[in-house]
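Chains, contacts and geometry: an overview
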Amino acid sequence: MENPSEKTTASWEGLPSWLLTQTASHAQRLVGEAFSSVQARGYHYRLLATLQEFGPASQAALGRRSGIHLSDMVAAINELADRKLVERAPDPADRRRNIISLTAAGKRQLRRLEKRLAGCQDELLAPLSPEERQRLTELLSRLLDHHNRRTGTPEEPWR
């Protein structure tokens, strides 16, 4: 009979793909919980942060800059507009198109989300030194860039 106190690690538990998947699951949970505590989702953060960084934009441009598919943009913008975090206004150059801009309330919400996100990063990476965190980020960025190039995934313009 196996003794439960004798923990043995299966060989697959040391595979990088397994480790990345399990760690990503923890990261997603931490961020999801932090954002939901202020009635937000990841799309909300990405949209607010993109508007803060690049300024007002059409829904299409905002989708490209934030990496959010156009089919998800309308619902996410509706949610933010309902909470007065963003405003829609007709584009003076093309009345068929809306320009989305960040409101003062949206800026405050973005600051709350950034604080929660920083806490998530600290919790997720707690066992690593600042140098190890930097190196991990560099390595993960290199892996992502490599696979984005291989699959033809366009590089995000904010990188």
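Our subject is the structure listed above.
The rules behind each value
Residues numbered from 1 in each chain as written. Predicted model: local features only at pLDDT ≥ 70, side-chain atom pairs only at ≥ 80, totals over all residues. Heavy atoms only, no water. Helix = DSSP H or I, 4+ residues; strand = E, 2+ residues; numbered from the N terminus. Rg over C-alpha atoms; globule rule 2.2 N^0.38 Å. Contact = heavy atoms within 4.5 Å. Areas by Shrake-Rupley, 256 points an atom, 1.4 Å probe, with all protein chains shown as cover. Lys, Arg positive; Asp, Glu negative; His and termini not counted. Charge placed at Lys NZ, Arg CZ, Asp CG, Glu CD. Patch = residues over 30% accessible without salt bridge, like charges linked within 9 Å, V, L, I, M, F, W, Y side chains within 5 Å. Salt bridge = Lys/Arg side-chain N within 4 Å of Asp/Glu carboxyl O. Pairing = 2+ DSSP bridges. Axes fitted to C-alpha atoms, helices over the stretch in contact; angles between N-to-C directions. Buried < 20%, exposed > 50% of the residue type's maximum accessible area, 1.4 Å probe, protein only. Expected span 1.5 Å × (residues − 1).

Secondary structure assignment for the protein chain yields 6 helices and 3 strands. Listing each helix as α and each strand as β along the protein chain from the N terminus yields α-α-β-α-α-β-β-α-α. In terms of C-alpha radius of gyration, the protein chain reaches 20 Å, well past the compact-globule figure of 15 Å for 159 residues. For the C-alpha atoms alone, the extent of the protein chain along its principal axes is close to 70 × 35 × 35 Å. Of the contacts formed within the protein chain by residues at least 6 apart in sequence, a portion of 53% connects residues at least 24 apart. Summing over all exposed atoms, the protein chain offers an accessible surface of approximately 11000 Å²; the carbon and sulfur share of this is 54%. Computed over 24 positive and 20 negative side-chain charges, the inter-centroid distance for the protein chain is 8 Å.

This brings us to a positive patch on the surface. Taken together, Arg83, Lys107, Arg108, Arg111, Arg112, Lys115 and Arg116 make up a surface patch of like positive charges. By secondary structure assignment, the location of lysine 107 is in helix H5 (residues 104-124).

An order of S1-S3-S2 is seen for the 3 strands of this open sheet, with the pairing classed as antiparallel. Each edge of the open sheet is held by one strand with a lone partner, namely strand S1 (57-58) and strand S2 (86-91). Note that S1 and strand S3 (residues 94-102) share 2 bridges and pair antiparallel. Following the sheet pairing, alanine 57 is matched in S3 by isoleucine 100. Set on the sheet, helix H2 (residues 42-54) makes contact with S1, S2 and S3; between it and S3 the angle comes to about 95°.

When you line up the elements, glutamine 109 lands in helix H5. For glutamine 109, a relative accessible area of 2% corresponds to the buried category. Sequence-wise, glutamine 109 and histidine 44 are 65 residues apart; in three dimensions their C-alpha atoms are separated by 9.5 Å. If we ignore the near neighbours within four places in the chain, the residues touching glutamine 109 are Val38, Ala40, Leu48, Arg83 and Leu85.

Attention now goes to helix H1 (residues 16-36). Residues three or four positions apart in an α-helix share a direction because the helix packs 3.6 residues into each turn. Between its first and last C-alpha, H1 extends 30 Å over 21 residues, near the 30 Å set by a 1.5 Å rise per residue. Where the residues of H1 are buried, they touch H2 and H5.

Moving on: unusual backbone geometry. With glycine set apart, most residues show a phi of negative sign, and most peptide bonds adopt trans. Even without being a glycine, glutamine 39 presents a positive backbone phi close to 50°. Tracing the chain through its elements places glutamine 39 in the loop between H1 and H2. The phi torsion at lysine 84 lies on the positive side, around 65°, for a residue other than glycine. With respect to the element layout, lysine 84 can be found in the loop between helix H4 (70-82) and S2. For lysine 84, a relative accessible area of 59% corresponds to the exposed category.

Before going further, it helps to spend a moment on a nonpolar patch on the surface. On the surface, Trp12, Leu15, Trp18 and Leu19 cluster together into a nonpolar patch covering about 390 Å² of accessible area. Positionally, leucine 15 belongs in the segment before H1. Leucine 15 sits in the partly exposed class, given a relative accessible area of 43%.

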